[in-house]
Amino acid sequence: MADGTFYLTTPIYYVNAEPHIGHAYTTIMADMVARHRRQRGDDVFFLTGTDEHGDKIARSAAEAGRSPRQHADALSERFRELGATLGASNDFFIRTTDAPHERAVAEVLARLHDSGDVYRDAYGGWYCTACEAFYREEELGQGRSCPVHGTPAEWLEEENWFFRLSAYRDRLIALYDAEPQFVRPEGRANEARRMIEDGLEDLSISRVNVDWGVPVPWDTDQTVYVWFDALLNYYSALRYARDGEDLVARFWPPDLQLMAKDILKFHAVIWPAMLMAAGLPLPRGLFVHGYVLKGGERMSKTTGNVVDPFPFIERFGIDALRYYLVREISFGEDGTFTAEGFEARYTNELANELGNLLNRTVSMIDRYRAAAVPAPPADSALAAELVDRTEAVVGAFDRVELTRAVEEAWVLVRRLNRLVEERAPWSLARDPARALELDSALGELAEGVRAAALLLWPVMPGSCERILRALGQPDDDVALHRARWGAGAAGARVDRSGPLFPRVEVPA
RNA sequence: GGCGGCGUAGCUCAGUUGGUUAGAGCAGCGGAAUCAUAAUCCGCGUGUCGCAGGUUCGAGUCCUGCCGCCGCUACCA
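1. Let's talk about the overall build of chain A
When helices and strands are counted, chain A shows 18 helices and 16 strands. Taking 2.2 N^0.38 as the reference for a compact globule, 508 residues should give roughly 23 Å; the C-alpha atoms of chain A span a radius of gyration of 26 Å, in line with that estimate. Projected onto the principal axes, the alpha-carbon positions of chain A cover approximately 90 × 50 × 40 Å. Counting every position in chain A, which comprises 508 residues, the buried fraction comes to 56%. In chain A, of all internal contacts separated by at least 6 residues, the share reaching a separation of at least 24 is 76%.

2. A short note on unusual backbone geometry
With an omega of -5°, the peptide bond running from R184 to P185 counts as cis. If you trace the backbone, P185 turns up in the loop between β7 (183-184) and α6 (186-197). The peptide bond linking W252 to P253 adopts the cis configuration, its omega dihedral lying at 0°. Within the secondary structure layout, P253 lies in the loop between α9 (248-251) and β12 (256-260). Even without glycine at this site, A371 takes up a positive phi of about 75°. With respect to the helices, strands and loops of the structure, A371 is situated in the loop between α13 (339-369) and α14 (381-398). The class for A371 is buried, based on a relative accessible area of 7%. Unusually for a residue other than glycine, A424 sits at a positive phi of about 45°. By secondary structure assignment, the location of A424 is in the loop between α15 (402-423) and α16 (425-428). What makes A424 buried here is its relative accessible area of 15%.

3. A short note on the domain arrangement of chain A
Many authors give the size of an interface as the accessible area that is lost as the parts come together. In terms of domains, chain A is made up of domain 1 (5-308) and domain 2 (338-483). Relative placement of domain 1 and domain 2: their C-alpha centres are 41 Å apart. Every contact between the two is made by eleven residues of domain 1 and, on the other side, 14 residues of domain 2. Of the roughly 1300 Å² buried between domain 1 and domain 2, counting both surfaces, carbon and sulfur atoms make up 66%. For the domain 1 face of the interface with domain 2, the top three residues by lost area are M32, R35 and Q39, together amounting to 49%.

4. Some points on the pattern of salt bridges
Within this structure, the stated rule accounts for 41 salt bridges. As a salt-bridge pair, R120 and E159 come within 2.9 Å of each other at their nearest N and O atoms. Taken together, the residues span a long stretch of sequence, with R120 in strand β4 (residues 118-128) and E159 in strand β6 (residues 154-163) at a distance of 39 residues. You can call R120 partly exposed: its relative accessible area is 41%. The partner of R482 in a salt bridge is D477, and the shortest N-O contact between them spans 3.7 Å. A single network of salt bridges, built from pairs that share partners, joins R37, R40, D42 and D398.

5. What to know about the sheet that holds strand β9 (residues 206-207)
The antiparallel open sheet is built from three strands, whose spatial order is β9-β11-β10. Edge strands, defined here as strands with exactly one partner in the open sheet, are β9 and β10 (215-216). Here two bridges tie β10 to strand β11 (residues 219-224), and the two strands are oriented antiparallel to one another. Within β11, the residue paired with V216 across the bridge is D219.

6. Looking at the sheet that holds β7
Pairing between sheet strands relies on hydrogen bonds along the backbone, with the strands arranged either parallel or antiparallel. Strand order in the open sheet formed by six strands is β3-β2-β1-β12-β13-β7, and the pairing between neighbours is parallel. Of all strands in the sheet, those bounded by a partner on one side alone are β3 (92-95) and β7. Pairing geometry for strand β1 (residues 5-14) and β12, over two bridges, is parallel. Each residue of the ladder has a partner; that of L8, found in β12, is L256.

7. Some words on the environment of S67
As for its position among the elements, S67 is in the loop between α2 (55-63) and α3 (68-86). When the C-alpha positions of S67 and Y127 are compared, they lie 24 Å apart, and in sequence the two are 60 residues distant.

8. Notes on the protein's contact with RNA strand B
Near RNA strand B lie 51 residues; those nearest to it are T26, K56, N352, N356 and R360. Protein-adjacent atoms of RNA strand B, using a 4 Å cutoff, are sugar or phosphate at a proportion of 65%. The contact in question runs from a base oxygen of RNA strand B to an N or O atom on the backbone of L500, over 3.1 Å. When residues of the surface near RNA strand B are traced back to their parent elements, those giving at least two are β1, α1 (21-39), β5 (133-135), α10 (264-278), α13 and α15. In the surface near RNA strand B, the residues fall into 23 nonpolar, 14 polar and 14 charged.

About the cut-offs
- Residues numbered from 1 in each chain as written.
- Chains lettered and ligands numbered in written order.
- Predicted model: local features only at pLDDT ≥ 70, side-chain atom pairs only at ≥ 80, totals over all residues.
- Heavy atoms only, no water.
- Helix = DSSP H or I, 4+ residues; strand = E, 2+ residues; numbered from the N terminus.
- Rg over C-alpha atoms; globule rule 2.2 N^0.38 Å.
- Buried < 20%, exposed > 50% of the residue type's maximum accessible area, 1.4 Å probe, protein only.
- Contact = heavy atoms within 4.5 Å.
- Domains from an automatic or database assignment.
- Buried area = accessible area lost by both parts, 1.4 Å probe.
- Salt bridge = Lys/Arg side-chain N within 4 Å of Asp/Glu carboxyl O.
- Pairing = 2+ DSSP bridges.
- Near = heavy atom within 4 Å.
- Polar contact = N/O pair within 3.5 Å; in protein donor to acceptor, adjacent residues only side chain to side chain.
- Nonpolar A, V, L, I, M, F, W, Y, C, P; charged D, E, K, R; others polar.

See the structure below:
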């Protein structure tokens, strides 16, 4: 970031089920950050992908009657397609089954083994195959059942390789002391800190009975624990995403890593410890967001309480979904997805406020000035206001307050609708003596809408490019500095190309 | 049990380090306007800021207790 590069990641998605809106949410939010940083001229690398190893994948593959590889291929492709549908501008899509990733995992693990951070020990415990996790006796339910699945846990004893996580306790606490912004929001940092202070146990990072995984290089009877494997994707991707170029030097460490709150511990405790052990610089910041709730409850693959994003995308368009998610759910908090709320925001905000603003602007310029966009007046009060809006948006993005960023941009949209009423161009148009005033009013309006499109571009890229085209502006340069007052192309002609967000009939 | 969070207008929520008459959006009511996707703009809030105490010149904002709701405690964004 300081050097003008920006490395941004989403978690990699586990391919044991079809993607749902929770995955879409994280990818969309990350994409907004990525696009915003590019608007600012940063050299951005935006990574997402899929997590494909583990016994659970092998089992669901078997149920589906195919090999783990076939299963992973099929589902990984679904996640890749989801990203494309969402308009995700990721620079690479990593799969943990990529051979270069597996080599990187083996290398890092070997390094930790050599340095003494990985050791062999016996481990016994109650194991749930569905969870791929061991439980302590007191955690089990009646009949020694898995607290999550309710199915009986089995007693397993095996020799595993352990990561000396406990040895990093003091260094982790020092990290949280020194970098209060390492994990945001603040409450999540406190949670993570508490996990560290409450005592860390060494972590078993290999499995004997799991075949579908990366073999432990010096003990090929064992495979690497999926989380150890998965976390390293953030590092390994930079080593092979571009043929012939090692991106590690250019982008490492990550500037921002996004995730939902369920995987806080892996990212805020285990991951930095792994990097310390490997001698790699730590990420500059993690941001932990909340859940997209349905009916006030958590969506879950297990219970089937999920929202399918595709019908909404088909009816309202991807930009409407992107807008709704970032606006409705205060980023960092949980929020509830409802069809009613979606439709209300689409109609009130996208169609009526923004879409209609563009439409009335273009329409008046077409009607009163034969489609020629007048130059914006240099003395407009909007010029200063635009500086304020832009700074507010940039500041919000810097703090990863994405909901706030859209709200700040939206203040301009509302200001512009008010401006139309204040100037009343239709009234000026009736008096030929006020032609200059009319030019000024229409130029001011067009310039304001153009700037609003640039501020909102990370949220709704396609729609904002359409706004620019409708105003006769090039749509291929959306750099943020072009949101300056008067930076638009001169001599533009408006193009009436129909409603930006057409009203959608809502069946009763 | 442990740890953490939440409870502010009918609804969804903002409210930096405590400081004057507690805000926004939506919904509702009234009005203006007619460029526009009948889309916009203006006006209208007697809210015990969950309850009870405490600290303070002053608390929605800090402390204690209580009530209610929720999350995490190694499946899943």
